[in-house]
Amino acid sequence: MVDDDPIIRELYSTTLKSAGFFVSTTANTADAAKLLTERHYDGLLLDLFLYPNRSSLEDIEFFLGISPKTKIMILTANASIPTAVEAMRRGATGFFLKNQDLSKIIDGLQSLLIDTQPTSTKLESSNSYGIIGCSKAIHSVLSAIDKFKDVDSTVLITGESGTGKELVARALHTASHRSKEPFFAVNCGAIPENLLESELFGYRRGAFTDAKTDKKGIFELASSGTLLLDEIGELPLSLQVKLLRALQEKEVRPLGGDRAIPIDTRLIAATNRDLIEECEQGRFREDLFYRLSVLNLRIPPLRERPDDIPVLVEHFLGRFNAKFNRQVLLPKPDVMAHLKAYPWPGNIRELQNALERSVVLAQNQEIDLDTLFESNRESSHHADDNYLPLFSDTKYDKAHSSFEKKYLVGLLKSAQGNVCQASRVSGIHRPQLYRLIKRHSLDVENFKYEKTESSELRAN
Amino acid sequence: MRGLEATHLNGLRSSLISNEALKPIVIKFIQSLPDRIAEIARHHQNGDEKMFFLMVHQLKGAAASFGISTLHQIASNLECIERSHRDEIESLIADARSLIEQIQQVHKKEIHRVD
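Residues numbered from 1 in each chain as written. Chains lettered and ligands numbered in written order. Predicted model: local features only at pLDDT ≥ 70, side-chain atom pairs only at ≥ 80, totals over all residues.

(A) Looking closely at the overall build of chain A. Scanning chain A for helices and strands turns up 21 helices and 12 strands. Here chain A holds 460 residues, and the buried ones make up 32% of them. Restricting the contact set of chain A to residue pairs at least 6 apart, pairs at least 24 apart contribute 68%. (Helix = DSSP H or I, 4+ residues; strand = E, 2+ residues; numbered from the N terminus. Buried ≥ 20, exposed ≤ 12 C-beta atoms within 10 Å, placed from the backbone. Contact = placed C-beta atoms within 7 Å.)

Written as structure tokens, this is what we have:
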């Protein structure tokens with residue numbers, strides 16, 4: 001919502017949030033443009049007069065250029081049919097008057113957003129901090145966020161890699177009374193032990209050779225805000241003790257410091273490990289585990305919520321079409337069936353990457369099943385055991401053809417484009433092999449190039 | 001008062017004041033009104049037409065959003081009046097000041113509770 005009057009922003013923010021919307025407000029078009037480039041917004045409610053002698057109608061096309069799928073809706077105190085017509089002509093979706101009953105404006109916004117979505121489930125995604133989904137599993141996550149948002153107890157988020165643990169942590173922060181304060185995320189597995197301690201707790205000048213000045217730790221910086229410790233299972237035992245003390249005492253002692261600093265930081269921890277198992281193995285302190293897991297939030301893997309795949313696909317297609325200036329269409333039902341049946345071991349991150357590749361490589365505005373799945377299967381080693389490329393709505397000849405092409409690609413790769421060698425390995429007569437290569441439009445030169453390139457790399 | 005022929009109690013009272021969730025914001029807005037009109041008068045006296053127009057337009061939009069029809073009406077009149085008609089503008093600003101006092105009086109009970 002963009003309006004130059006802070007009281008109007010506060011009024012609409014409060015009202016829209018209580019109606020279930022996720023809301024950001026700004027005072028000017030520059031900040032609004034920045035927000036639109038950072039994430040997708042279903043709608044933009046734009047005040048007609050933000051600047052003297054200038055109408056926001058001039059900005060509609062600019063915003064649509066940044067975010068083509070965002071619906072622009074004009075809000076004004078000036079009732080004028082020509083202005084409303086001009087707004088629609090420039091691409092606005094709605095036109096609201098400030099002297100309308102506020103509840104009617106909210107109803108209008110809701111119906112416009114529903115009307116512009118292909119399914120009602122998409123609306124739910126727009127109300128939930130960027131968490132896309134309509135399944136029961138996602139509803140449980142959203143319900144937990146709602147319950148946990150305003151209590152300061154530590155939350156332990158568990159879930160496989162790529163399920164969106166940081167997104168959920170951010171949602172907990174955004175929904176909380178700490179939302180205006182900073183949110184910090186630290187990956188405990190990505191920082192060396194000695195550095196991690198000083199990053200988390202800070203240090204005083206002279207604490208070690210390179211400590212030329214005092215440095216605040218992230219706990220102190222995040223005080224009054226929220227700190228996410230991701231991959232908490234990777235935290236070394238020595239730091240687990242210090243973290244436990246910080247949580248219990250609500251204060252931190254910087255390295256080399258003789259005075260404890262009080263902190264008011266909400267801690268969220270996340271892990272893809274089984275921390276109970278880690279405790280049993282002696283790699284994680286049991287007392288810290290219980291201190292961290294006051295509230296538990298499990299994010300289900302994508303294979304447990306296949307009903308979310310269509311809305312996720314639509315969401316990512318919209319994003320990548322805008323990013324690459326493409327107009328790739330939604331997958332056909334047989335392709336969607338494959339997407340829903342695949343186990344997605346890399347979860348949403350894997351799906352996102354697969355769709356990004358597919359949009360870049362798409363021909364005739366269509367997602368190619370072979371391209372999409374070949375890439376996924378190559379990048380997901382343990383997926384092969386579970387994934388069977390045969391489904392009730394796939395004809396045998398199509399499945400056979402798909403398998404044949406995959407087989408040939410693998411064969412030619414291993415033979416590095418040498419058809420004679422491929423013939424020997426496979427037992428397929430050379431003329432027949434050439435026919436199959438031609439039928440599947442494969443170019444043996446591509447496989448030879450891989451060999452040459454590898455040789456050059458080795459030579460260098 | 002010019003433009004206030006239809007003034008009555010309902011026109012002075014915010015239509016959102018009965019909404020408990022929004023009441024603090026309504027009160028904040030009503031308490032800000034004397035400062036808003038003072039700023040409008042200052043821009044008028046300084047001859048800063050751009051800021052005068054912007055502040056009047058903001059007042060008009062906010063009055064409409066908070067459902068105070070009398071204030072919306074007087075701000076609309078201020079917005080439309082020719083800039084050269086300085087006496088009329090000053091007269092309308094005086095009317096607006098008087099109206100704001102009445103609006104604050106009508107919401108006295110709620111403002112008192114918040115304070």
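After presenting the structure, the write-up continues.
(B) Inspection of the interface of chain B and chain A at higher detail. Contacts between chain B and chain A engage 18 residues on the former and 16 residues on the latter. Looking at the side of chain B that touches chain A, the elements with two or more residues in it are α2 (23-46) and α3 (49-65) of chain B. Among the elements that line the side of chain B that touches chain A, the one with the most residues is α3(B), at 10 residues. Split into classes, the residues belonging to the side of chain B that touches chain A amount to 9 nonpolar, 6 polar and 3 charged. (Nonpolar A, V, L, I, M, F, W, Y, C, P; charged D, E, K, R; others polar.)

(C) Structural detail: the environment of Gly162(A). Residues and elements named next belong to chain A. Following the sequence through the fold, Gly162 ends up in the loop between β4 (155-158) and α8 (165-175). In this structure the C-alpha to C-alpha distance between Gly162 and Trp344, which are 182 residues apart in sequence, comes to 9.8 Å. Not counting residues up to four positions away in its chain, the partners in contact with Gly162 are Gly346, Asn347, Ile348, Arg349 and Glu350.

(D) Geometry of the confidence of the model for chain A. Residues and elements named next belong to chain A. Considering every residue of chain A, the mean pLDDT works out to 82; 88% of them sit at 70 or more. The secondary-structure element of chain A with the lowest mean pLDDT is helix α6 (residues 120-126), recorded at 39, while β4 shows the highest, at 96. Confidence over residues 116-128 falls short of pLDDT 50; this stretch has 26 contacts with residues more than four positions distant or in other chains. Scored below 50 in pLDDT, residues 378-393 makes 21 contacts in the model with residues more than four places away or belonging to other chains. (pLDDT = per-residue confidence, 0-100.)

(E) Fine view of the sheet that holds strand β3 (residues 94-97) of chain A. Residues and elements named next belong to chain A. The strand order across the open sheet built from 3 strands is β1-β2-β3, with neighbouring strands paired in parallel fashion. At either end of the open sheet lies a strand with only one pairing partner, and these are β1 (43-47) and β3. Adjacent strand axes in the sheet meet at a mean angle of 25° when their direction is disregarded. Here strand β2 (residues 71-76) pairs with β3 via 4 bridges, running parallel. Looking at the pairing, Ile74 lines up with Phe95 of β3. (Pairing = 2+ DSSP bridges. Axes fitted to C-alpha atoms, helices over the stretch in contact; angles between N-to-C directions.)

(F) How the structure looks around the confidence of the model for chain B. All names here are of chain B. Taken over all residues, the pLDDT of chain B has a mean of 87, while the share at 70 or more is 90%. Mean pLDDT across the elements of chain B ranges from a minimum in helix α6 (residues 108-114), with 78, to a maximum in α2, with 95. Note that pLDDT drops below 50 for residues 1-7; the model gives that stretch 16 contacts with residues more than four away or on any other chain. Overall fold confidence for the complex sits at a pTM of 0.49, while the interface term, ipTM, reaches 0.90.

(G) Geometry of the sheet that holds β4(A). All names here are of chain A. Strands sit in the order β5-β8-β11-β4-β12 across an open sheet of 5 strands; the sheet is parallel. In the strand order of this sheet, the two ends are held by β5 (183-187) and β12 (295-298), each with one partner. Ignoring strand direction, the axes of neighbouring strands in this sheet form an average angle of 20°. Across 4 bridges, the pairing between β4 and β12 is parallel. Directly across from Val155, in β12, lies its bridge partner Leu295. On the sheet, α8 packs against β4, β5, β8 (226-230), β11 (266-271) and β12 and is oriented at approximately 165° with respect to β8.

(H) Structural context of the packing of helix α1 (residues 6-18) of chain A against α2(B). One can describe the packing of α1(A) onto α2(B) by two numbers: an axis separation of 10 Å at closest approach and a directional angle of 170°. Comparing their axes, α2(B) and α1(A) come out roughly antiparallel. Where α1(A) abuts α2(B), its residues Ile7(A), Glu10(A), Leu11(A) and Thr14(A) lie against Ile25(B), Lys28(B), Phe29(B) and Ser32(B). Residue composition of the contact of α1(A) with α2(B), by class: 4 nonpolar, 2 polar and 2 charged. (Parallel < 35°, antiparallel > 145°, perpendicular 65-115°, else oblique.)

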